[in-house]
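Fold and contact review
Residue-level listing of the chains:
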Amino acid sequence: MDGTMLHRFGDENAPKTPGKARPDRFIPNRSALDLDIAHYNLVKENANANDLDLAAEVASPSKEEYKKQLASNFLSQDGGASSAKILAFKSKAPEPPSGMENSARGVYSNNAGAGVKSKKTFRHVPSAPERILDAPELIDDYYLNLIDWGSTNQVAVALGCVVYLWNADSGDIQQLCQTDPNNGDDYVTSVQWGGDGKHIAVGTNDAEVQIWDVSRLKQVRTLRGHNARVGALAWNGTQLATGSRDNTVMMHDVRIREHRTATLTSHSQEVCGLKWAPSGNQLASGGNDNLLHIWDQNSIGNGTHLHRLDAHQAAVKALAWCPFQSNLLASGGGTADRCIKFWNTNTGALLNSIDTHSQVCSLQWNKHERELLSSHGYSQNQLCLWKYPTMTKMAELTGHSARVLHMAQSPDGTTVVSAAADETLRFWKCFSDADAGKAKKLKDGASDSSVLRRFNFR
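First, a word on scope: everything that follows refers to the structure included in this document. Predicted model only: the values in this text are computed from it and were never measured.

Some words on the overall build of the protein
Scanning the protein from terminus to terminus reveals 6 helices and 29 strands. The proportion of buried residues among the 458 residues of the protein is 44%. Contacts in the protein between residues at least 24 apart in sequence constitute 48% of all its contacts with a sequence separation of at least 6. With an accessible surface of roughly 25,000 Å², the protein has 48% of that area assigned to carbon and sulfur atoms.

Here we look at the sheet that holds strand 5 (residues 173–178)
Read across the sheet, 4 strands follow the order 2-3-4-5 without closing on themselves; strand pairing throughout is antiparallel. What marks the edges here is a single partner per strand, and that holds for strand 2 (147–149) and strand 5. Ignoring strand direction, the axes of neighbouring strands in this sheet form an average angle of 20 degrees. When strand 4 (residues 162–167) meets strand 5, the two strands line up antiparallel, connected through 5 bridges.

Focus on the state of the cysteines
Per the stated rule, a full pass over the model turns up 0 disulfides. Here Cys-177 stays unpaired: no disulfide links it, and the sulfur of Cys-161, its closest cysteine neighbor, is 9.5 Å away. Looking at Cys-177, the relative accessible area reads 5%, which means it is buried.

Things to note about the environment of Gln-210
Relative to the helices and strands, Gln-210 is located in strand 8 (residues 209–213). Between the C-alpha atom of Gln-210 and that of Val-191, which follows or precedes it by 19 residues, the distance is 9.6 Å. Setting aside chain neighbours within four positions, we find Gln-210 in contact with Ile-200, Ala-201, Val-202, Thr-204, Gln-219 and Arg-221. There is a polar contact of 3.0 Å between the side chain of Gln-210 and the side chain of Trp-212.

Describing the side chain of Asn-153
Checked against the element boundaries, Asn-153 lands in the loop between strand 2 and strand 3 (154–159). Here Asn-153 falls in the buried class, since its relative accessible area comes to 17%. Among all residues touching Asn-153, those that are not within four sequence positions of it are Trp-166, Asn-167, Ala-168, Asp-169 and Pro-411.

Examining the pattern of salt bridges
Using the criterion set out here, one finds 11 salt bridges in the structure. Note that Asp-140 is salt-bridged to Arg-403, the shortest N-O span being 2.9 Å. Here Asp-140 is found in the loop between strand 1 (131–134) and strand 2, whereas its partner Arg-403 is found in the loop between strand 25 (392–397) and strand 26 (404–409), with 263 residues between them in sequence. As a salt-bridge pair, Lys-393 and Glu-396 come within 2.8 Å of each other at their nearest N and O atoms. By relative accessible area, Lys-393 is classed as partly exposed at 37%. Take Glu-396: its relative accessible area is 40%, and that puts it in the partly exposed class.

A closer look at the sheet that holds strand 25
Sheet architecture is open: 4 strands sit in the order 22-23-24-25, paired in antiparallel fashion. Each edge of the sheet is formed by a strand with only one pairing partner; in this case those strands are strand 22 (360–365) and strand 25. The mean angle between the axes of side-by-side strands here comes to 25 degrees, regardless of whether they run parallel or antiparallel. Pairing between strand 24 (residues 383–387) and strand 25: 5 bridges, direction antiparallel.

Quick word on the environment of Asp-169
Residue placement: Asp-169 occurs in the loop between strand 4 and strand 5. Since its relative accessible area comes to 61%, Asp-169 is described here as exposed. In this structure, the C-alpha to C-alpha distance between Asp-169 and Gln-154, residues 15 residues apart in sequence, is 8.1 Å. In this view, Asp-169 contacts Thr-152 and Asn-153; residues no more than four positions away in its chain are not counted. For Asp-169, the side chain forms a polar contact with the side chain of Asn-153, separated by 2.7 Å.

Thoughts on the nonpolar core
Nonpolar side chains in soluble globular proteins tend to be buried together. Counting 31 residues, the largest nonpolar core has Val-163, Leu-425 and Phe-427 as the members making the most contacts within it. Broken down by secondary-structure element, the contributors of at least two residues to this core are strand 2, strand 3, strand 4, strand 5, strand 6 (188–193), strand 7 (199–204), strand 27 (416–420) and strand 28 (424–428). Ala-318, Ala-330, Leu-372 and Trp-386 belong to the second largest nonpolar core, which has 16 residues in total.

Each value, and the rule that gives it
Residues numbered from 1 in each chain as written. Predicted model: local features only at pLDDT ≥ 70, side-chain atom pairs only at ≥ 80, totals over all residues. Heavy atoms only, no water. Helix = DSSP H or I, 4+ residues; strand = E, 2+ residues; numbered from the N terminus. Buried < 20%, exposed > 50% of the residue type's maximum accessible area, 1.4 Å probe, protein only. Contact = heavy atoms within 4.5 Å. Areas by Shrake-Rupley, 256 points an atom, 1.4 Å probe, with all protein chains shown as cover. Pairing = 2+ DSSP bridges. Axes fitted to C-alpha atoms, helices over the stretch in contact; angles between N-to-C directions. Disulfide = S-S within 2.5 Å. Polar contact = N/O pair within 3.5 Å; in protein donor to acceptor, adjacent residues only side chain to side chain. Salt bridge = Lys/Arg side-chain N within 4 Å of Asp/Glu carboxyl O. Core = buried A, V, L, I, M, F, W, Y, C linked by side-chain atoms within 4.5 Å.

Written as structure tokens, this is what we have:
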């Protein structure tokens, strides 16, 4: 290579530069090389390969020592043979001609870093609740459902024989209803907001289901039919499913006089969990008989379940339908089971099972991320945030001193309220909207929303 112009490889139309040739490659500077030492280094690497051919020639120890001393004396200058370079670059490469673009540059930059996997990091989850509400006389009963968060941003909670409403926007608290004060055995066993945010269903220990108009604070209907307390409620439009200690699930159409449209008798013990799929096509029911049943409109009409799932070893109360996969259901078992299980409700197949090492009381899916929140009883009394589908534990939320019996999620899907047997409600901002997270980060840091505030319903 004598310094003449080297055209860019593969570019047949590359323009010729007039006048003095300007190479686009940098040629090593031979004047800076010690060619004898460089040649010696190259030849030395192949010496071992030729030893087999020269096996007959045996060198004496004195001859070998002479070679070592000769090499150390004559090659020790400027760092010796080991530091001698094959190619030497003593000056900086010349700048390319102005306006020159290397057409082959993309070959070297397109895949840069392609083989390096970026480290996955979990988002920050606040470990402390945003606020705490005292909830005296919250009944410590695993089989009841005593809290719900409506679409108008109001939390309904049953404390003994009274149902209270807490407005999450204003912080106002008002009493909605109270069971018969003359009947000491009657108390509220379940609450559930209707989808319109205007009506709420209230189940009682006296086997009644009351429908209340929240705007007027007035009871508009009473649904009867059960023979024992009603501990589970689930709305599907104008259809209301109720589960009772009499082991039955009843379907009610609240628009008509003869409201009871079906009675389902597949459970052999108290029904403590009821959840409609977001599509309204399937209903899941869990009971103290350790069974989980899946129903669709046809099976409800026939009175026979679509699937009977018996993998749990304890009562099945915690139920949650996945918001991003319509046929995926998560269920949680009681103290003797401690597992969260995932089901394909179309086929009845068990997809996965995770042992949480603690009683599973409630489950909530994150609407914005593939995450699941679980609340637990004996013995940790904590909330756990899991990454789905790997079920890697992202965070543990502690603070309750007794089992966390119930959870409900805010309408915007960012906050979860937990109700525990320690008679407190705690609000956790654990489901922050990923899209709005960046915009709100500075604002939230400057506001007082993270300051712990405590209120009392009474």
